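This is what each chain is made of:
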Amino acid sequence: ASATLDLAFLMLSSTSYEVREDSSNDLLKSYHQVYCQTLDKLSVAKEEQPSFRELEDDYAISSQVAVLQALCMFVQEMHYMTQNIAKGIEQDDDGAVQDLSERLKIYELRALTLFKDLDLSQIEDDLTLDGPEKAGSISPSSPNSFDEF
């Protein structure tokens, strides 16, 4: 199991893009330190403990998985809110409808900003063919196409 998957999911589902950009490296350094201290207490040999670079690599992979998990979670929550908005409309509960609508907007924006965390270059690598077929290969949008979010 990954040592960083839960951390990546927490960061992606509970923080803003700016916080992740500004603080992820510091958080990973602290996490690595505490993780290794815990492994020491569990008598795990130093040579079996991950280096910071190994932890960074694992976090990069985990982040790609966690962004999909977080998107699914946000979609599920938005579906739930939409159902409750419909119930609120049926029951003429304007306060609940307004509150849920505001929360829905926040979740929509948070879900959209997760696209900044996707490594779309990997998709391009997967779609680009080698050799003579390359001329007809598909080229997806640039990873910077989500900057407006």
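Residues numbered from 1 in each chain as written. Predicted model: local features only at pLDDT ≥ 70, side-chain atom pairs only at ≥ 80, totals over all residues. Heavy atoms only, no water.

Colleague: Tell me what's going on with the nonpolar core, and back it up with residues and numbers.
Modeller: Membership of the largest hydrophobic core comes to 21 residues, with the highest contact counts inside it found for L12, Y59 and L114. Broken down by secondary-structure element, the contributors of at least two residues to this core are α1 (5-14), α3 (52-90) and α4 (94-113). The element best represented in this core is α3, accounting for 10 residues. With near-sequence residues (within four places) excluded, L12 lies in contact with R20, S63, A66, V67, A70, F74, L114 and D117. (Core = buried A, V, L, I, M, F, W, Y, C linked by side-chain atoms within 4.5 Å. Buried < 20%, exposed > 50% of the residue type's maximum accessible area, 1.4 Å probe, protein only. Helix = DSSP H or I, 4+ residues; strand = E, 2+ residues; numbered from the N terminus. Contact = heavy atoms within 4.5 Å.)

Colleague: Give me the lowdown on the pattern of salt bridges, citing residues and values where you can.
Modeller: For the structure shown, the criterion picks out 5 salt bridges. Of the charged contacts, one joins E56 and R53 as a salt bridge, the two residues approaching to 3.6 Å between their closest N and O atoms. Note that E56 and R53 are positioned in helix α3 at a spacing of 3 residues, about one turn of the helix. A salt bridge links K105 to E102; the nearest nitrogen and oxygen atoms lie 3.5 Å apart. Of this pair, K105 and E102 both sit in helix α4, 3 residues apart, which is roughly one turn of the helix. (Salt bridge = Lys/Arg side-chain N within 4 Å of Asp/Glu carboxyl O.)

Colleague: Account for the packing of helix α2 (residues 17-41) against α3, naming residues and giving values.
Modeller: Viewed as axis vectors pointing N to C, α2 and α3 meet at an angle of 125°, and their least axial separation amounts to 10 Å. As summarised for this structure, α2 and α3 are arranged oblique, according to the angle between their axes. Once α2 is placed against α3, the crossing between them reads as right-handed. Across from S24, N25, L28, K29, Y31 and H32 in α2, the residues of α3 making contact are F52, L55, E56 and Y59. Of the residues assigned to the contact of α2 with α3, the class counts are 5 nonpolar, 3 polar and 2 charged. (Axes fitted to C-alpha atoms, helices over the stretch in contact; angles between N-to-C directions. Parallel < 35°, antiparallel > 145°, perpendicular 65-115°, else oblique. Left-handed = near helix turned anticlockwise from the far one by under 90°. Nonpolar A, V, L, I, M, F, W, Y, C, P; charged D, E, K, R; others polar.)

Colleague: Any chance you could break down unusual backbone geometry for me, citing the residues and the numbers?
Modeller: In this structure, S43 takes a positive phi of about 65° despite not being glycine. With respect to the helices and strands, the residue S43 is situated in the loop between α2 and α3. Within the chain, D92 stands out as a residue other than glycine whose phi angle is a positive 55°. With respect to the helices, strands and loops of the structure, D92 is situated in the loop between α3 and α4.

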